[in-house]
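Single-letter residue listing:
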Amino acid sequence: MKTPDKSFFAPAKAWKYLTRKPVTIPMDDILTTPREASDRYRGFHVNDWEKCIGCGTCSKICPTDAITMIEFTELPDVEGSKPQRPSIDYGRCSFCGLCVDICTTGSLQMTKEYLHISKDPNSFFFIPTDEGIHLKKEPLGYIRDENSDLLGLEREEMEIDPPEVRKTSFIEMVKGFSKEQAIKEASRCVDCSICEKTCPAHMNIADYIRDIYTNDLETGLKDLYKTNPLPAVCGRMCTHKCETVCSIGHRGEPVAIRWLKRYIVDNVPQEKYSEILNQEIIKKANAKVAIIGAGPAGLSAAYFLSLMGYEITIYEEKNRPGGVLNYGGPSYRLPDNAFEQDVNYIKSLGVKIITNTKVGKDITLEELREKFDVIFASTGFNKGRKLPIEGADHEKVYDSLTILEDMKNYVRGEGPKPYIPKSLVVIGGGNVAMDVARSMLRLQNLENGESEVHVLSLERTFDEMPADEDEIVEGKEEGVNFHPGWGPVKVIVEDGKLKGVLFKKCVEVFDENGRFNPKYDESKTMMVEGDMVVMTVGQAPDYSYLPEDIQNKMTIERGKVKTNEYGQVEGVPWLFAGGDIVNGPDIIHGVADGHRAAQGIDKYIMEEKVI
Ligand SMILES: Cc1cc2nc3c(=O)[nH]c(=O)nc-3n(C[C@H](O)[C@H](O)[C@H](O)COP(=O)(O)OP(=O)(O)OC[C@H]3O[C@@H](n4cnc5c(N)ncnc54)[C@H](O)[C@@H]3O)c2cc1C
Ligand code: SF4
Ligand code: SF4
Ligand code: SF4
């Protein structure tokens, strides 16, 4: 590097100050007529408590350890925030402004206020609110700008197949992070754990993201399995409620928690699971537990109970474990091998899964009661439903579960080709409707080289529709036709042939009390032609496996079983329940219920009482 030429006389420039009188501003002058600080002065802090979420990131970054987080019992302890706020020790603060640069919500700022005179040392220890150190509204000083922002606000982009490829393919469309992408995405996490309360399974999210950042995927796998034995499934299909409260989401895009979870399981070979997890099974008692239903809740309970040394047998009506995951998640979202990765590990712990066996038909509950100490019911909402409208009994009018199962079995090569319509009418606007529409669109394209799928929902806008935004956007890209704001009147059948569905305009879905109470403009109708109709209008449970005397002792409200916090069924202490029949409906609630029930069952067996 070339050193700039300097004038020989350069040092002489400083000599001119030798004759200048130093300026000293007397304290009294400052107190009587304080001088205004410069525009970007780094003065005392203010913090907007309404915005602040107590994430503690400001405290972590402070290079002088000036910030301590203080708990406030009067603050609500709700999802998305912690009941704590930062306090600042001005004996330590160097006014560097890093806390302002990193504040996840932008609530913490600096004012131009710089004077604080007190003999009380405690007054230099201050909990900023929006009123400032002297309870006066002072103008803001230093403000973070784009260049000083310390947060990574943008997500690493996830590779996904383009629509032209997707619409003829059942191969998993989301490709997963590379190592570089995963580490970069993990580096956006500020390790605040705000998301963990919102995750129904309270996964150790901050820990496993740190493991990715340090490239220690083996510890990452261990961290995942502390609370979730279905990480490959959840890394793809979880409803990722945690991301809705991620601190980074306040000013940018939330950390891609779900995809990071998937990154760990995609990059640890299945055959090394046992060696890495090296889970110690502590045999507490010689007790046997029967589980009815091998969906997420049943599998989760089986995993946690087997780690406690209990002998577990799952009875499953279908020919493979998985519950709704067997057909609810089409292969382009959940390939079988990902699901098998999770199930194989659970089975490796000694869990016995007896398939093709329906409790209540192939074996009775009384028989199970004789053979086992405790029963865990996780039978889900497995009956598809149809609307009771004219024409709904036509053979080409399907409920969602039946057609999804037919399609997935066909794609797997395990079932006959389902009827592939020229034009499909899907009634409903949730994620189930998206699975039906997008699966059949693929089959139509593969079969006929073209597709026609119409999705009609009561909700009048895409924002109101319960389906995930991604599903709607991707569905549109693939060619699904959406018609929000229409309710079905009747299925039109002529000479025994399905012609389509007549709809009427929906003007309001919920009433002023937020209750589902759709209102229509009967004068506006629309006929949508189709040769197949699928009604995605929810599912129902089937409790016929529970004898009447047991059902009489239980409370079942709106199809859900009432239990205590451990999943123990009220009125029937040896029976526990979880998953969709208690909570949900989503996979991670099932996982969480299975975990809680395992703890409850253990307590019940060890203490032999109502817990
Ligand atoms: C189409 C669709 C898509 C979905 N997509 C998602 C998603 O992307 N993300 C998400 O988080 N959730 C999704 N869900 C919801 C999720 O699948 C469920 O919430 C979850 O599977 C519930 O788990 P569970 O263990 O309670 O019951 P289930 O998964 O329903 O499993 C219950 C099991 O019990 C068996 N069974 C029932 N009765 C008996 C009996 N008498 N004897 C023996 N076995 C019996 C059933 O065969 C079934 O295998 C979706 C649901 C559907 C329908
Ligand atoms: S300004 Fe710097 S030293 Fe002062 S509290 Fe903020 S981070 Fe700590
Ligand atoms: S970083 Fe911001 S939001 Fe988080 S605790 Fe500090 S002030 Fe509050
Ligand atoms: S994922 Fe978001 S909320 Fe969770 S620990 Fe990281 S930054 Fe905090």
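These numbers were taken from a predicted model, which means no experiment stands behind them.

Procedures and definitions
- Starting from 1, residues in each chain are numbered consecutively following that chain's sequence as written.
- Here the convention is simple: chains get letters from A, ligands get numbers from 1, in the order in which they are written.
- Only residues with pLDDT of at least 70 get local features here, since the model is predicted, and only at 80 or more are side-chain atom pairs given and counted; chain-wide, interface and lining totals rely on the full set of residues.
- Only heavy atoms go into the side-chain values, all of them from the structure, while hydrogens and water stay out.
- Definitions used for this entry: grid spacing 1 Å over protein atoms alone; cavity, a set of points where a 1.4 Å probe fits but cannot get out; pocket, an open set with protein on both sides within 12 Å along at least 5 of 7 lines; lining residue, one with an atom within 4 Å of a point.
- Grid points are joined across faces, edges and corners, and a volume is the space filled by probe spheres set on the points.
- Amino acids outside the nonpolar list (Ala, Val, Leu, Ile, Met, Phe, Trp, Tyr, Cys, Pro) and the charged list (Asp, Glu, Lys, Arg) are all regarded as polar, and Gly is one of them.
- Here, a disulfide means two cysteine sulfur atoms that sit within 2.5 Å of each other.
- When at least one non-hydrogen atom of a residue lies within 4 Å of a molecule or strand, that residue is treated as near it.
- Pairing of N or O atoms within 3.5 Å defines a polar contact, subject to two protein rules: one partner must be a possible hydrogen donor and the other a possible acceptor, and residues neighboring in sequence count only if both atoms are side-chain atoms.
- For accessible areas, the Shrake-Rupley method is used with a probe of radius 1.4 Å. Any residue's cover is judged against the shown protein chains and nothing else.
- Labels follow the DSSP assignment, with helices taken as runs of H or I lasting at least four residues and strands as runs of E lasting at least two, numbered in each case from the N terminus.
- Patch building starts from residues that exceed 30% relative accessible area and form no salt bridge, then joins like charges within 9 Å and nonpolar side chains (Val, Leu, Ile, Met, Phe, Trp, Tyr) within 5 Å.
- Salt bridge, as applied in this entry: a Lys or Arg side-chain nitrogen positioned within 4 Å of an Asp or Glu carboxyl oxygen.
- Here the term buried applies to any residue with accessible area under 20% of the maximum for its type, exposed to any over 50%, and partly exposed to those in between, with areas from a 1.4 Å probe on protein chains only.
- Two residues form a contact once any of their heavy atoms are found within 4.5 Å.
- Only the six-membered ring of Trp is used, alongside the rings of Phe and Tyr, when aromatic pairs are assigned; centres must lie within 6.5 Å, and planes under 30 degrees apart are stacked while those over 60 apart are edge-to-face, with the rest tilted.

*Asks:* Help me understand the layout of surface pockets in this model?
*Replies:* The method is simple in principle: a probe with the dimensions of a water molecule rolls over the atoms, and the space it marks as empty is what remains. Of the pockets and cavities examined, the second largest pocket occupies roughly 250 Å³. Lining the second largest pocket are 14 residues; nearest its centre among them are Pro34, Glu113, Tyr114, Leu115 and Glu138. The residue makeup of the lining of the second largest pocket, split by class, is 6 nonpolar, 2 polar and 6 charged.

*Asks:* What exactly am I supposed to notice about the state of the cysteines here?
*Replies:* By definition, a disulfide links the sulfur atoms of two cysteine residues through a covalent bond. Taken as a whole, this structure holds 0 disulfides when the rule is applied. Cys242 carries a free sulfur, and the closest cysteine sulfur to it, the one in Cys195, is 6.1 Å from it.

*Asks:* Explain the site of ligand 1 to me, please; I cannot follow it from the model alone.
*Replies:* Close to ligand 1 lie 33 residues; Met237, Glu316, Arg333, Asn382 and Asp580 are nearest. Pro296 has a polar backbone atom sitting 3.2 Å from an oxygen atom of ligand 1. Contact distances for ligand 1 include 3.1 Å between a nitrogen atom and a backbone N or O atom of Glu317. For ligand 1, whose accessible area on its own is 1,000 Å², the fraction buried by protein is 95%. Elements with a minimum of two residues in the shell around ligand 1: helix 14 (296–307), helix 17 (400–412) and helix 18 (431–448). Of the residues assigned to the shell around ligand 1, the class counts are 14 nonpolar, 11 polar and 8 charged.

*Asks:* Would you take a moment to explain a nonpolar patch on the surface for this structure?
*Replies:* Together, Met27, Leu31 and Ile117 make up an exposed nonpolar region whose accessible area comes to about 290 Å². If you trace the backbone, Met27 turns up in helix 2 (residues 27–32).

*Asks:* Can you help me understand the site of ligand 3 in this one?
*Replies:* Lining the immediate surroundings of ligand 3 are 15 residues, of which Cys52, Cys55, Gly56, Cys58 and Cys103 lie closest. Residue classes in the shell around ligand 3 are distributed as 8 nonpolar, 7 polar and no charged.

*Asks:* I tried to follow the environment of Thr239 on my own but got confused; where do I start?
*Replies:* Residue position: Thr239 is located in the loop between helix 10 (231–237) and helix 11 (241–245). Here Thr239 falls in the partly exposed class, since its relative accessible area comes to 32%. Separated by 229 residues in the primary sequence, Thr239 and Asp468 have C-alpha atoms spaced 8.9 Å apart. With sequence-adjacent residues up to four places away left out, Thr239 is seen in contact with Asp586 and Ile588. One polar contact links Thr239 to Asp586, side chain to side chain, over a distance of 2.8 Å.

*Asks:* It is not clear to me how helix 19 (residues 469–478) should be interpreted in this structure. Could you clarify?
*Replies:* Structurally, the α-helix is built with 3.6 residues per turn, so residues lying three or four positions apart point the same way. For helix 19, the full list of buried residues reads Glu471, Ile472, Glu474, Gly475 and Glu478. Along its buried surface, helix 19 packs onto helix 5 (163–166), helix 18 and strand 14 (481–484). At the exit of helix 19 stands Gly479, carrying a positive phi of roughly 115 degrees.

*Asks:* Looking at this structure, I do not really get the packing of aromatic side chains. What am I missing?
*Replies:* Here a ring pair, both rings aromatic, is described through the centre-centre distance and the interplanar angle of the planes. Under the criterion given, the structure shown has 16 aromatic pairs. Their ring planes at 75 degrees and their centres at 5.9 Å tell us that Tyr225 and Tyr273 sit as a pair that is edge-to-face. Within this pair, whereas Tyr225 is found in helix 9 (residues 217–225), its partner Tyr273 is found in helix 13 (residues 273–277), the two being separated by 48 residues in sequence. Looking at Tyr225, the relative accessible area reads 1%, which means it is buried. Judged by relative accessible area, Tyr273 falls into the buried class, the value being 0%. Arranged with centres 6.1 Å apart and planes meeting at 65 degrees, the rings of Phe576 and Tyr604 form a pair that is edge-to-face. In this pair, Phe576 sits in strand 22 (residues 575–577) while Tyr604 sits in helix 21 (residues 587–607), placing the two residues 28 residues apart along the sequence. The buried category is assigned to Phe576, whose relative accessible area is 0%.

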